[in-house]
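So the chains spell out like this:
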Amino acid sequence: MKDNKQKPRELLNSKATVTPMARRQVLLGGLGLMGGAAAGALGLTPALSAASNLPPNIPEWTRVLGPGVLTNPYGQPSPFEANVQRRTVDWLTPDRIASISFTPLADLKGIITPSGLVFERYHAGIPAVDPHQHRLMIHGMVDRPISLTMSDLMRFPSTSRIAFLECPANGGMEWRGAQMDGVQFTHGMLACCEWTGVLLSTLLAEVGVNKKASWILAEGADGAHMSRSIPMSKAMDDALIVYAQNGEALRPEQGYPVRLINPGWEGNTCVKWLRRLEVGDQPWYQREETSKYTDLMPDGKSREFTFVQECNSVITSPSPEKPLNQGKGKYWVEGLAWSGRGKIKHVDVSYDGGVSFREAKITSIVLPSALTRFGIELDWDGSPLLLQSRAVDETGYVQPTYQQLRDVRGTNSIYHKNAIHTWKVFATGEVANVQLS
Ligand SMILES: Nc1nc2c(c(=O)[nH]1)N[C@H]1C(S)=C(S)[C@@H](COP(=O)(O)O)O[C@H]1N2
Ligand SMILES: [Mo]
């Protein structure tokens, strides 16, 4: 593990280079595998030579009729975008069953993550749930326990909400130093979708909750029976029982046919393939070691519950995946900010490792507990930069530096790392992940 926490000036002058292998994998990962085959399926042929398609010539695709409707009954991205893929880090987990894949943040625009690119986190793989044989049970300290079919669930008043989904382990590999060479891996346990379903409070009103009840156990139908204890206050506030994502049924990866979404809270509380909600008067012990999400503090004690995903941000371009590869001149620097405590108020960007900051433009709709996009124009003179973004949310909370975060949390943690991130831009335009204290 590289441990390259340095002061801005040392880093700006350092000769450190980008790890060439890692970057090449990120940039070329899917192309060789998918480009040709996908292009064939759509009836597109790669250009004979690029120049023959450029003005003033008439490009070849303008001279022929293209494939017709229903060439692709469920549409796919252009084959030229085949490199935009979820990716995993093979050394992170022993297999791909209890594992994670990452959202390709560098290639995305706006604030909505396309469903097929939402990061995946499984403790026992994806169960093949048949919606007709699936039930959502609600029982425990309630007056009228119920077992709902999917059709039953869809008869309740429906509501939609855009919210981010973030694993609290996002960035966890960076606690001890800069390690992952790409924003996909430093911040890609993150997505933002429009979620549609029924407010949990509506279902709880239907079953009649005992006045003494204060917690709810949510349990999944996967082999891990992954379960989480949710305080009644969140259940009664904005917790959503979701059956749709970005306008269509949930994807199997995201919990088809039904999952829990707790806006602004740890992704692990958002139980997928939801089969059971048990109402009780105390939290349940988290059963498996692998599904414990506790924060180990410097004194060796653990925090049992840290539900909220605090304010965070990252520049997605430039990034190791998006170098400044057009020489000197103007570039659009952009990134994402988010806070589980509400709306993003503003984002500052630094080009000199936090010595000075300037305010970025917010370029998207601003919603509570949703990704928010920012951007700022850079007129690059070709000298090295230390790029940072620092977000502030509507509670006034300012995203901490590594030093500030480590003063409270030490370096033993895995979860809830929201420190200001630094990209070093070299004179060549290449970008590397570095850490400043
Ligand atoms: N049933 C079930 N729910 C689950 C999980 C799981 O393994 N099983 N993983 C959790 C974790 S740790 C996270 S971060 C989120 C990830 O959601 P996603 O895979 O839709 O991105 O789902 C949560 N819900
Ligand atoms: Mo997670």
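Residues numbered from 1 in each chain as written. Chains lettered and ligands numbered in written order. Predicted model: local features only at pLDDT ≥ 70, side-chain atom pairs only at ≥ 80, totals over all residues. Heavy atoms only, no water.

**Here we look at the sheet that holds strand E17 (residues 329-338)**
Pairing in this open sheet of 4 strands is antiparallel, and the strands run E16-E17-E21-E20 from one edge to the other. Edge positions in the sheet fall to strand E16 (312-317) and strand E20 (361-362), since each of these pairs with one other strand and no more. Looking at chain direction, E17 and strand E21 (residues 372-380) are connected through 9 bridges and run antiparallel. By the bridge assignment for E21, Gly 335 is matched with Phe 374. (Pairing = 2+ DSSP bridges. Helix = DSSP H or I, 4+ residues; strand = E, 2+ residues; numbered from the N terminus.)

**Observations concerning the site of ligand 1**
As a structural note, the neighbourhood of ligand 1 is formed by 21 residues, with Phe 119, His 123, Asp 222, Arg 259 and Lys 272 the closest of them. Note that an oxygen atom of ligand 1 is positioned 2.6 Å from one of the backbone N or O atoms of Phe 119. Gln 254 is positioned such that a nitrogen or oxygen atom in its side chain is 2.9 Å from an oxygen atom of ligand 1. Here ligand 1 loses 100% of its free accessible area of 540 Å² to cover by the protein chains. (Near = heavy atom within 4 Å. Polar contact = N/O pair within 3.5 Å; in protein donor to acceptor, adjacent residues only side chain to side chain. Areas by Shrake-Rupley, 256 points an atom, 1.4 Å probe, with all protein chains shown as cover.)

**Remarks on helix H8 (residues 402-409)**
Residues of H8 that are buried include every one of Tyr 402, Leu 405, Arg 406 and Arg 409, and no others. The arc that holds the buried residues of H8, viewed along the axis, is 95°, so those residues lie on one side. Trailing H8 by a residue or two, Gly 410 shows a phi angle of about 70°, which is positive. (Buried < 20%, exposed > 50% of the residue type's maximum accessible area, 1.4 Å probe, protein only. Arc of directions from axis to C-beta.)

**As for the environment of Val 207**
Position of Val 207 relative to the elements: it lies in helix H6 (residues 200-207). Overall, Val 207 belongs to the buried group, its relative accessible area being 0%. The spacing of Val 207 and Ile 146 is 61 residues in sequence and 7.0 Å in space, taken between C-alpha atoms. With residues up to four places along the chain from it excluded, the contact list for Val 207 reads Ile 138, Val 142, Asp 143, Arg 144 and Ile 146. (Contact = heavy atoms within 4.5 Å.)

**Notes on the confidence of the model for the protein**
In the predicted model, the protein carries a mean pLDDT of 89, and the fraction of residues at 70 or more is 87%. Segment residues 15-45: pLDDT under 50, and 45 contacts once partners within four positions in sequence are set aside and those in other chains are kept. Low pLDDT, under 50, characterises residues 287-291; the predicted model gives this stretch 9 contacts beyond four residues in sequence or across chains. (pLDDT = per-residue confidence, 0-100.)

**Side note on the nonpolar core**
Of all hydrophobic cores here, the largest spans 34 residues; its most connected members are Leu 153, Leu 200, Leu 203, Leu 204, Ile 241, Leu 274 and Leu 277. Residue assignment for this core shows that the elements contributing at least two residues are strand E4 (136-140), helix H4 (150-153), H6, strand E8 (215-220), helix H7 (232-237), strand E10 (240-245) and strand E13 (274-280). When residues of this core are assigned to their parent elements, the largest contribution, 4 residues, is made by H6. Not counting residues within four places of it along the chain, the set of residues in contact with Leu 277 comprises Leu 136, Met 137, Ile 138, His 139, Leu 200, Ile 216, Leu 217, Ala 218 and Ile 241. Of all hydrophobic cores here, the second largest spans 33 residues; its members include Cys 311, Trp 338, Phe 374 and Trp 423. (Core = buried A, V, L, I, M, F, W, Y, C linked by side-chain atoms within 4.5 Å.)

**Details of the pattern of salt bridges**
Counting across every chain of the model gives 14 salt bridges. For the salt bridge of Arg 86 with Glu 120, the shortest nitrogen-to-oxygen distance reads 3.4 Å. You can see Arg 86 sitting in the loop between helix H3 (31-41) and strand E2 (99-101) and its partner Glu 120 sitting in strand E3 (residues 120-122), a full 34 residues away along the chain. Neither residue differs from the other here; Arg 86 and Glu 120 are each classed as buried. Note that Asp 107 and Lys 322 form a salt bridge whose closest N and O atoms lie 2.8 Å from each other. Placement of Asp 107 in the loop between E2 and E3 and of Lys 322 in the loop between E16 and E17 is noted, with a sequence separation of 215 residues between them. On the basis of relative accessibility, which here comes to 28%, the residue Lys 322 falls in the partly exposed class. (Salt bridge = Lys/Arg side-chain N within 4 Å of Asp/Glu carboxyl O.)

**Quick word on the packing of aromatic side chains**
Counted according to the given criterion, the structure contains 6 aromatic pairs. Ring centres of Trp 215 and Phe 305 lie 5.3 Å apart, and the angle between their planes is 35°; on these two criteria the pair is classed as tilted. Here Trp 215 is found in strand E8, whereas its partner Phe 305 is found in the loop between strand E15 (302-303) and E16, with 90 residues between them in sequence. Classification of Trp 215 as buried rests on a relative accessible area of 15%. On the accessibility criterion, Phe 305 (28% relative accessible area) is partly exposed. Both rings, one in Trp 265 and one in Phe 307, keep their centres 4.3 Å apart while their planes meet at 5°; by these two values the pair is stacked. In this pair, Trp 265 sits in the loop between strand E12 (259-261) and E13 while Phe 307 sits in the loop between E15 and E16, placing the two residues 42 residues apart along the sequence. Summarising the burial analysis for this pair, Trp 265 and Phe 307 share the class buried. Three or more aromatic residues joined by ring pairs form one cluster here, namely Trp 215, Trp 265, Phe 305 and Phe 307. Lying across the ring of Phe 357, Arg 390 places its NZ or CZ 3.9 Å from the centre. (Phe/Tyr/Trp six-rings, centres within 6.5 Å; stacked < 30°, edge-to-face > 60°. Lys NZ or Arg CZ within 6 Å of the ring centre and 35° of its normal.)

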